Amino acid sequence: MGESSNARGRFARHVNNVREYDRITGFSKIARRALANNAFDGVLTMIGVLMGNYLGNVRSAGTVIRIGIATAISIGVSGLWGAYLAETAERERELAELERISLTDLGNTKIGRASRVAVIVVSLVDGLSPLVSSLIVLTPFFFAPLIGNILVSYALSLIVGLLALFGLGMFLGYISGRSLIGYGMRTIVAGIVAIAINALLPIEP
Amino acid sequence: MGNLRRLVLDVLKPLEPSIVELVQLLADQEGVDGVNISIYEIDRRVENAKVTIEGHDLRYDEIARVIEENGGAIHSIDEVAAGRVLIEDVITPQD
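Remember, predicted model here, so these are calculated numbers, not experimental data. (Residues numbered from 1 in each chain as written. Chains lettered and ligands numbered in written order. Predicted model: local features only at pLDDT ≥ 70, side-chain atom pairs only at ≥ 80, totals over all residues.)

### Thoughts on the overall build of chain A
For chain A, the helix and strand inventory stands at seven helices and zero strands. Judged by the C-alpha coordinates and their principal axes, chain A covers about 65 × 50 × 35 Å. In chain A, buried positions account for 36% of the 205 residues. Long-range pairs, those at least 24 residues apart, make up 73% of the contacts in chain A between residues at least 6 apart in sequence. (Helix = DSSP H or I, 4+ residues; strand = E, 2+ residues; numbered from the N terminus. Buried ≥ 20, exposed ≤ 12 C-beta atoms within 10 Å, placed from the backbone. Contact = placed C-beta atoms within 7 Å.)

### Structural notes on the sheet that holds strand 1 (residues 4-14) of chain B
With antiparallel pairing, the four strands of this open sheet are ordered in space as 2-3-1-4 (chain B). Lying at the two open borders of the sheet, with one neighbouring strand each, are strand 2 (32-42) and strand 4 (73-82) of chain B. Adjacent strand axes in the sheet meet at a mean angle of 15° when their direction is disregarded. With nine bridges joining them, strand 2 of chain B and strand 3 (residues 46-55) of chain B adopt antiparallel strand pairing. Paired with B:Ile39 across the strands is B:Ala49, a residue of strand 3 of chain B. Sheet strands touched by helix 3 (residues 61-102) of chain A: strand 1, strand 3 and strand 4 of chain B. Its angle to strand 1 of chain B, the strand with the most contacts, is close to 130°. (Pairing = 2+ DSSP bridges. Axes fitted to C-alpha atoms, helices over the stretch in contact; angles between N-to-C directions.)

### Details of the packing of helix 6 (residues 150-176) of chain A against helix 7 (residues 180-200) of chain A
A packed helix pair is summarised by two numbers, namely the angle formed by the two axes and the spacing between the axes. Residues and elements named next belong to chain A. With their axes 7 Å apart at the nearest point, helix 6 and helix 7 run at an angle of 145° to one another. As helix 6 packs across helix 7, the resulting crossing turns out to be right-handed. Together, Leu 158, Gly 161, Leu 162, Leu 165, Phe 166, Leu 168, Gly 169, Met 170, Leu 172, Gly 173 and Tyr 174 of helix 6 and Leu 180, Gly 182, Tyr 183, Gly 184, Met 185, Arg 186, Thr 187, Ile 188, Ala 190, Gly 191 and Ile 195 of helix 7 make up the contact between the two elements. Broken down by class, the residue content of the contact of helix 6 with helix 7 amounts to 14 nonpolar, seven polar and one charged. (Left-handed = near helix turned anticlockwise from the far one by under 90°. Nonpolar A, V, L, I, M, F, W, Y, C, P; charged D, E, K, R; others polar.)

### Brief notes about the interface of chain B and chain A
If you look at the interface, chain B gives 11 residues, while chain A gives 13 residues. Of all the secondary-structure elements, those providing two or more residues to the side of chain B that touches chain A are strand 1 and helix 2 (60-69) of chain B.

### Some words on the pairing of strand 1 of chain B
Residues and elements named next belong to chain B. Pairing analysis gives eight bridges linking strand 1 to strand 4, with the strands arranged antiparallel. Across the sheet, Leu 7 pairs through a bridge with Val 80, a residue of strand 4. Of the pairings in the sheet, the one linking strand 1 to strand 3 comprises nine bridges and is antiparallel in character. Considered in strand 3, the bridge of Val 8 is made with Thr 52.

### Looking at the nonpolar core
One finds A:Ala31, A:Val43, A:Met46, A:Ile47, A:Leu50, A:Ala118 and A:Val122 to be the most contacted residues of the largest nonpolar core, which totals 41 residues. Elements with a minimum of two residues in this core: helix 1 (2-25), helix 2 (27-55), helix 3, helix 4 (110-142) and helix 6 of chain A. Apart from the residues lying within four places of it in its own chain, the contact partners of A:Leu50 are A:Tyr154, A:Ser157 and A:Leu158. Core analysis: the second largest hydrophobic core is formed by 15 residues, B:Leu4, B:Val32, B:Val35 and B:Ile67 among them. (Core = buried A, V, L, I, M, F, W, Y, C linked by C-beta atoms within 7 Å.)

### A closer look at unusual backbone geometry
The amide bond that connects B:Glu16 to the next residue, B:Pro17, takes the cis arrangement and shows omega of -5°. The topology assignment puts B:Pro17 in the loop between strand 1 and helix 1 (19-27). Phi is positive for A:Asn57, which is not a glycine, with a value near 65°. Along the chain, the position of A:Asn57 falls in the loop between helix 2 and helix 3. Taking the number of C-beta atoms within 10 Å as the measure of exposure, A:Asn57 has 7 and is therefore exposed. Within the chain, A:Leu103 stands out as a residue other than glycine whose phi angle is a positive 55°. With respect to the helices and strands, the residue A:Leu103 is situated in the loop between helix 3 and helix 4. Taking the C-beta count within 10 Å as the criterion, A:Leu103 has 9 such neighbours and is therefore assigned exposed.

### A word on the confidence of the model for chain A
Residues at a pLDDT of 70 or more form 99% of chain A, whose mean pLDDT is 92. Within chain A, helix 1 of chain A has the poorest average pLDDT of any element, 85, and helix 4 of chain A the best, 95. (pLDDT = per-residue confidence, 0-100.)

### Focus on the environment of B:Val23
All names here are of chain B. Within the secondary structure, Val 23 is located in helix 1. A residue is classified by how many C-beta atoms lie within 10 Å of it, and Val 23, with 17 of them, is partly exposed. Spatially, the C-alpha atoms of Val 23 and Gly 34 are 9.1 Å apart, while their sequence positions differ by 11 residues. Apart from the residues lying within four places of it in its own chain, the contact partners of Val 23 are Val 35 and Ile 37.

Here you go:
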């Protein structure tokens with residue numbers, strides 16, 4: 001009883017700290033933008049991979065999964081690394097400016113910790129959102145033995161991709177407080193455009 | 001050593017954490033009865049604050065730690081009072 005209430009107290013303290021770090025650095029807004037942006041990238045990249053495989057006459061689910069996972073890992077690592085480097089540079093510059101103005105070392109203060117937490121949160125969101133979103137699009141291929149026909153897996157994956165884009169659009173609509181369907185339609189069009197351009201390109205495998 | 005009853009500090013602090021948070025953190029300290037923070041100058045990233053703390057037994061080190069932990073720098077101690085009775089600054093003919 002005492003231990004569980006202690007654990008609850010510690011958890012509540014951590015949550016309060018994170019909220020305070022967010023107030024100081026505003027990382028939740030950046031992370032939200034990164035989530036939408038990078039998940040969008042992940043879905044569209046995977047739609048491209050699927051179209052490439054389909055038009056290149058790849059008819060083995062194992063090969064599509066291998067290529068898909070390799071691509072997902074690469075965009076995940078790219079998001080994580082890029083965001084970590086960019087966010088670290090930006091935060092260090094801000095902290096250095098504040099230290100210069102206040103003539104104080106802020107590294108070990110709440111502001112320094114908030115800055116480090118912001119880098120970690122934004123990097124993780126930047127890395128995980130394209131990784132997860134692209135793997136979601138690939139999901140039907142994991143069930144390829146159950147589905148049977150590989151062409152159905154391709155079709156289902158593209159539908160999942162378009163639905164994921166619609167969902168992301170709705171998320172953006174929710175953030176902006178505007179029409180969920182309107183935003184959903186705008187993002188889904190991006191997927192349809194990517195599919196159409198790939199399908200219409202006159203390149204023979 | 002006599003108990004510290006009043007502290008008036010000149011503090012330069014970043015805009016975040018805000019004075020709303022800082023005043024509550026200071027008020028939570030042991031021996032503190034009340035805190036007032038007023039801003040007399042504001043810049044793009046920092047602000048100058050006059051922090052007035054009264055209590056029955058103030059711990060200067062702890063108060064300074066809370067201010068510094070929140071990114072503040074104590075520029076000067078402008079007024080202090082200690083002892084059983086709180087003595088106000090007396091205006092003399094020379095003033």
